[in-house]
Amino acid sequence: MTDYAHTDHASKGRAEKARRLAAYAWQRGITGAELLALPAATRRKLARAADTNPPGTEETWSLVAQLLDDKDIWAARNPNHAAAQREYSEEKILWVKPPVKPWTAGPDPTLDTKK
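Residues numbered from 1 in each chain as written. Predicted model: local features only at pLDDT ≥ 70, side-chain atom pairs only at ≥ 80, totals over all residues. Heavy atoms only, no water.

Trainee: Looking at this model, I keep getting lost on the overall build of the protein. Mind explaining?
Mentor: The number of helices and strands found in the protein is five helices and zero strands. Along the protein, from the amino end to the carboxyl end, the secondary structure elements read α-α-α-α-α. Burial statistics for the protein: of 115 residues in total, 27% are counted as buried. Carbon together with sulfur atoms contributes 57% to the accessible area of the protein, which is approximately 8,300 Å² in total. (Helix = DSSP H or I, 4+ residues; strand = E, 2+ residues; numbered from the N terminus. Buried < 20%, exposed > 50% of the residue type's maximum accessible area, 1.4 Å probe, protein only. Areas by Shrake-Rupley, 256 points an atom, 1.4 Å probe, with all protein chains shown as cover.)

Trainee: When you look at the side chain of Arg28 in this model, what are you seeing that I'm missing?
Mentor: Along the polypeptide, Arg28 turns up in the loop between α1 (8-27) and α2 (32-37). Once residues within four sequence positions are removed from consideration, Arg28 is found in contact with Tyr88, Ser89, Glu91, Lys92 and Trp95. (Contact = heavy atoms within 4.5 Å.)

Trainee: What exactly am I supposed to notice about the pattern of salt bridges here?
Mentor: Close approach of charged atoms allows side chains with opposite charge to pair. One pass over the full model with this rule turns up six salt bridges. Between Arg20 and Glu16 there is a salt bridge, with its nearest N and O atoms 2.9 Å apart. Of this pair, Arg20 and Glu16 are both found in helix α1, four residues apart, which corresponds to roughly one turn of the helix. Overall, Arg20 belongs to the partly exposed group, its relative accessible area being 36%. By relative accessible area, Glu16 is classed as partly exposed at 43%. Of the charged contacts, one joins Arg43 and Glu58 as a salt bridge, the two residues approaching to 3.0 Å between their closest N and O atoms. In this pair, Arg43 sits in helix α3 (residues 40-49) while Glu58 sits in helix α4 (residues 58-77), placing the two residues 15 residues apart along the sequence. (Salt bridge = Lys/Arg side-chain N within 4 Å of Asp/Glu carboxyl O.)

What follows is the structure in structure tokens.
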């Protein structure tokens, strides 16, 4: 039986999709590790926001993460290049949530209102 998922045509399609997704995610400041840590549902939403059908395999997401890491390395070496500037980095919080401080951590001593 033929394995159509690993033909040259399928590989080219995966690479093209990965480039589109990586371009969208990189502009928003998402790293490769952050992308792979996102839940599957969030990744699907990210793909749709990038006007791309969500990948059906983890292989494509891994390729996207590698492209993001490569672009970060390149951007660090070329900080003054126009392509190294992110235009939508403020949108990162829509996709990657910062850790939440638990309520059980106790009161913040800098907020003492009894002074």
